[in-house]
Amino acid sequence: MKKIISNILMSVDCTNNDAVEYALNNSKIDKSIITSAKVVKRSVDARRGDINLVYAVEIEYLPVEKEKNEFTFGTKKLKGDIVIVGAGPAGLFCAYTLTKNGYKCVLAERGQSVYERVKSVDSFYKSGNLNINSNVQFGEGGAGTFSDGKLTTRVGDARSKIVLETFVENGAKEDILYAQKPHIGTDMLKDIVANMRKEIIKNGGVVLFDTTVSDVVIKNNQVYSVITNRGEIPAEKVILAIGHSARDTYSMLYKKGIAMEAKAFAMGYRIEHKREFIDYSQYGKYAGHKNLGSADYRLTYNGKDRSCFSFCMCPGGYVVAAASENGGITVNGMSENSRNGENSNSAIVAQITPNDYEGVLGGIELQRKYESLAYGATNSFVAPIQNTEDFINGKVSKKLNGVVPSYPLGYEFADLGKLMPAEAVKTLREGLKSFDRKIKNFTTCSVLTGVETRTSAPLRILRNELMESINVCGLMPIGEGAGYAGGIMSAAIDGIKAAERIMSVYDRN
Ligand SMILES: Cc1cc2nc3c(=O)[nH]c(=O)nc-3n(C[C@H](O)[C@H](O)[C@H](O)COP(=O)(O)OP(=O)(O)OC[C@H]3O[C@@H](n4cnc5c(N)ncnc54)[C@H](O)[C@@H]3O)c2cc1C
């Protein structure tokens, strides 16, 4: 049996053990039948001008409830393979769940295995030579590998627990099981992703790297096979977990008539402050306390025409060069587990809706246009930057204001206002001014790096309640690229759901 004692308010100096002891003393459960007690949530309460820690402690006691079987299994025989396209969180968790439950599958990933991919990214950062199939967007682990590894989600799905536990089984620290805002960090994510792949292979899965799916063969409205650079793979189910940057794959699917629709996304810049500045703005005199870590923030502004908001905050993190095409710059952010870099960064983006572009693939063209303008500003992967205050005033900066941009391929001053649609620039300027009222000196102590364009998929691949394409049987679009997830956690959950869907109908193959 389990009982959770929540809302345990403790001083900022207390430890997890103090919280557990408090819960044991106040649980009203006979201590002789208690088998274990652990922290399952820890958050920071900074509301009343004072900083406290708020804990929830789970106490397990006899008699212990029997474990329930999590999944149901079908009896239908699979005639062909299950092919999963893309080894990001959606594809990885789908393959992991299937193989763990006795189902075979082939996981085809266009990029390299994670450690080879790290070498390609390092080489890009040093030489400016981009590997268009293995980079910050593409390769084992998907877009989230070079990230902060934030695992927050607002989807409220019970599968979140499975995702967190799977990460822990594969090497993540246990604190993600109880932190209010769990994060893993790029340094740990790489090993976790490699461990998950080893487990998939151990359980009978086939993992193919450097394998790009360039076509999906459809016969009588049912998927038949996928064509890759290594040949054809017959398939009865094709799970498309391609992420939001597979522009060639989107075009191929569109040309084949797979039903899709245009979707809203957001574009803007990465803002960087000194980490200490953000910590102080959020925690005051407690900034730097060992129990608090680096601080984050979340800011929103609702303009007349569109909204502007902070996104994907990376406390103590770095700005990354997230391009997957030559001739275009796009940025993003990542942090190590310790989050102790010099700066803290976040995307500051304005909403872009299908009214801002034409056609289903128009969002991609819009992203590409501004990525190529950013590249053109320096004629290289060197990023255009501007002090935030100068951006608001439309002035090209002449010198840094104290914050050194962390973008890895170097930077040059530019007029960032020219590198985004005018309507978005207007809202971004208004939004930044309003953020300055929420966090004092937010705009005077920061620098912007351009441009952030790949916040989410600019289109959706339409699917029915069976998670299959509405016009092709056996084709299952999942995760961020299909438009059904927005982040590591929700993409992973979508992957598990797709596996459950297959397992509930088919027998183990
Ligand atoms: C730098 C960065 C930092 C981020 N930080 C966070 C964060 O801290 N927290 C968070 O929740 N989210 C973060 N995100 C977003 C998060 O990474 C994505 O939401 C998530 O990875 C989406 O998962 P996915 O599996 O749907 O797609 P992806 O992770 O994009 O994976 C898709 C995979 O499919 C492969 N692929 C594409 N086309 C083909 C093809 N034709 N054939 C074979 N393979 C193909 C790609 O190579 C890729 O590996 C970040 C993203 C980036 C880029």
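Because the structure is a prediction, the values reported are computed rather than measured. (Residues numbered from 1 in each chain as written. Predicted model: local features only at pLDDT ≥ 70, side-chain atom pairs only at ≥ 80, totals over all residues. Heavy atoms only, no water.)

**Some thoughts on the overall build of the protein**
In terms of regular secondary structure, the protein is built from 12 helices and 22 strands. Over its C-alpha atoms the protein spans a radius of gyration of 24 Å, differing by no more than 12% from the 23 Å that the globule rule assigns to 509 residues. Dimensions of the protein, computed from the C-alpha atoms along their principal axes, are close to 65 × 65 × 40 Å. The buried share of the protein, reckoned over its 509 residues, is 56%. A sequence separation of at least 24 residues applies to 73% of the contacts in the protein between residues at least 6 apart. Carbon and sulfur atoms provide 49% of the accessible area of the protein, an area that totals close to 21800 Å². (Helix = DSSP H or I, 4+ residues; strand = E, 2+ residues; numbered from the N terminus. Rg over C-alpha atoms; globule rule 2.2 N^0.38 Å. Buried < 20%, exposed > 50% of the residue type's maximum accessible area, 1.4 Å probe, protein only. Contact = heavy atoms within 4.5 Å. Areas by Shrake-Rupley, 256 points an atom, 1.4 Å probe, with all protein chains shown as cover.)

**Notes on the domain arrangement of the protein**
For the protein, the assigned domains are domain 1 (2-61), domain 2 (82-261 + 460-505) and domain 3 (264-452). The straight-line distance from the C-alpha centre of domain 2 to that of domain 3 is 27 Å. Taken residue by residue, the interface counts 29 residues in domain 2 and 28 residues in domain 3. With both sides pooled, the region where domain 2 packs onto domain 3 buries about 2500 Å², and carbon together with sulfur makes up 54% of that total. At the boundary of domain 2 and domain 3, one finds four salt bridges. One salt bridge in this structure joins aspartate 296 and lysine 181, with 3.2 Å as the shortest N-O distance. At the boundary of domain 2 and domain 3, one finds 16 residue pairs in polar contact (both at pLDDT 80 or more). Mapped onto the side of domain 2 that touches domain 3, the elements with two or more residues apiece are α3 (114-127), α5 (186-202), α6 (247-255) and β11 (260-262). If you tally residues by element for the side of domain 2 that touches domain 3, the top one is α6, at four residues. (Domains from an automatic or database assignment. Buried area = accessible area lost by both parts, 1.4 Å probe. Salt bridge = Lys/Arg side-chain N within 4 Å of Asp/Glu carboxyl O. Polar contact = N/O pair within 3.5 Å; in protein donor to acceptor, adjacent residues only side chain to side chain.)

**A look at the site of the ligand**
Looking at the ligand, there are 38 residues lining it, with Ala90, Glu109, Ala143, Glu480 and Ile488 nearest. Contacts to the ligand include glycine 144, whose backbone N or O atom sits 2.9 Å from an oxygen atom. Contact distances for the ligand include 3.4 Å between an oxygen atom and a backbone N or O atom of alanine 241. Considering the ligand on its own, with 990 Å² of exposed area, one finds that the protein chains cover 96% of that surface. For the shell around the ligand, the elements supplying multiple residues, two or more each, are α2 (89-100), β16 (331-334), α11 (479-482) and α12 (488-505). Residues of the shell around the ligand, tallied by class, amount to 17 nonpolar, 16 polar and five charged. (Near = heavy atom within 4 Å. Nonpolar A, V, L, I, M, F, W, Y, C, P; charged D, E, K, R; others polar.)

**Some points on the sheet that holds strand β7 (residues 213-219)**
The strands that make up a sheet pair up through hydrogen bonds in the backbone, lying either parallel or antiparallel. With antiparallel pairing, the three strands of this open sheet are ordered in space as β7-β8-β9. Whereas interior strands pair on both sides, the edge strands pair on one side only; in this sheet they are β7 and β9 (231-234). Direction aside, the axes of adjacent strands within the sheet are offset by 25° on average. Note that β7 and strand β8 (residues 222-228) share six bridges and pair antiparallel. Among the inter-strand pairings, valine 217 is bridged to a residue of β8, identified as serine 225. (Pairing = 2+ DSSP bridges. Axes fitted to C-alpha atoms, helices over the stretch in contact; angles between N-to-C directions.)

**As for the nonpolar core**
If you look at the biggest cluster of nonpolar residues, it comprises 75 residues, and the most contacted ones within it are Tyr269, Phe391, Tyr407, Leu432 and Phe442. The element contributing the most residues to this core is strand β3 (residues 52-61), with six residues. In this view, phenylalanine 391 contacts Tyr269, Gln386, Leu416, Gly417, Val425, Leu428, Arg429, Leu432 and Leu448; residues no more than four positions away in its chain are not counted. Core analysis: the second largest hydrophobic core is formed by 49 residues, Ala241, Ile488, Ala492 and Ile493 among them. (Core = buried A, V, L, I, M, F, W, Y, C linked by side-chain atoms within 4.5 Å.)

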